[in-house]
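The lines below spell out each chain.
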Amino acid sequence: MKIVHIGTSGMIGRAVAAELGTRHEIIAVNRRSGDYQVDIADPSSIARLFNQTGHFDALICTAGEVHFATLQEFSVEQYSIGLKSKLMGQVNLVRSGRKYLRDGGSFTLTSGPTNEDPIPLGTSSAMVNGALEGFVRSAAIELQSDRRINLVSPTMLQESRALYGPFFVGTKPVATPEVVLAYVKSVEGRQTGCVYRVGWSRER
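Residues numbered from 1 in each chain as written. Predicted model: local features only at pLDDT ≥ 70, side-chain atom pairs only at ≥ 80, totals over all residues. Heavy atoms only, no water.

This paragraph deals with the pattern of salt bridges. Following the criterion strictly, the structure yields 9 salt bridges and no others. Notably, a salt bridge pairs Arg31 with Glu65, separated by 2.7 Å at the nearest N-O pair. Here Arg31 is found in the loop between strand S2 (25-30) and strand S3 (36-37), whereas its partner Glu65 is found in the loop between strand S4 (56-61) and helix H3 (76-97), with 34 residues between them in sequence. Overall, the relative accessible area of 41% leaves Arg31 in the partly exposed class. Under the relative-accessibility criterion, Glu65 is labelled partly exposed at 38%. Note that Glu133 is salt-bridged to Arg137, the shortest N-O span being 3.5 Å. (Salt bridge = Lys/Arg side-chain N within 4 Å of Asp/Glu carboxyl O. Helix = DSSP H or I, 4+ residues; strand = E, 2+ residues; numbered from the N terminus. Buried < 20%, exposed > 50% of the residue type's maximum accessible area, 1.4 Å probe, protein only.)

Right, let's get into the pairing of strand S1 (residues 2-6). Side chains on a regular strand alternate between the two faces of the sheet. Burial runs high along S1: 5 of the 5 residues are buried. Two strands pair when backbone bridges link them, and S1 and S2 are joined in this way by 5 bridges, in the parallel orientation. Within S2, the position partnered with Val4 by the bridge is Ile27. As for the winding sense of the linkage, the β-α-β connection from S1 through helix H1 (residues 11-20) to S2 is right-handed. The sheet contact formed by S1 and S4 spans 4 bridges and is parallel. In the sheet register, Ile6 faces S4, and the bridge partner there is Cys61. (Pairing = 2+ DSSP bridges. Right-handed = clockwise from strand over helix to strand, strands pointing away.)

This part is about H1. Within H1, burial applies to Ile12, Gly13, Val16, Ala17 and Leu20. All buried residues of H1 lie within an arc of 125° about the axis, which places them on one face of the element. At its buried positions, H1 is contacted by S1, S2, S4, strand S6 (148-154) and helix H6 (176-188). (Arc of directions from axis to C-beta. Contact = heavy atoms within 4.5 Å.)

With respect to the helices and strands, Lys86 occurs in helix H3. Put simply, Lys86 is tucked away with no salt bridge, and the nearest opposite charge, on Glu133, sits 10 Å away. A polar contact of 3.2 Å, which involves the side chain of Lys86, links it to the side chain of Asn129. Discounting residues that sit within four places of it in the chain, Lys86 has contacts with Gly64, Glu65, Val66, Ile81, Thr110, Ser111, Gly112, Val128, Asn129 and Leu132. (Lys, Arg positive; Asp, Glu negative; His and termini not counted. Polar contact = N/O pair within 3.5 Å; in protein donor to acceptor, adjacent residues only side chain to side chain.)

So, in structure tokens, the structure goes:
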């Protein structure tokens, strides 16, 4: 398969690309590095990306920004970071990319647990993650020609515990290889409209 992977420079992205790259062609896309560059917060940049990549069999996004701050400090502009990047950036990858996705192909997007398991400073993250779940479920019933879409929602990584542990108090971190399996299942499996929660569940 020809897989367009946005966000191969991050911790999860590197691991996912390394695993799937053993069996498929990975087109690495980042903001400033890779085979191609894109700013997912800019719809015109996304359109240029697909003009360059041409048709593909799968798209993975492990990129997207959100701002963290207290509810009292959040500004409209700070909320817009997550809305334009992690939410609408991924939505626009699907909206524009469906014209380039081959029959039987798939989209795999990325969220996180904060919409179900909120953390301090995380109102923007929670809002974006919840919206992504709704989008993926709805888009799954409208994609045509056996095309699929899924969402991977990992909790804090073991490698990130030192940095993010204070925000995820009492949370058991997950090993990166476990997260990678969810992306493999989404790309190489046949399910659609699924949210793969890795290292956490809705039951608390």
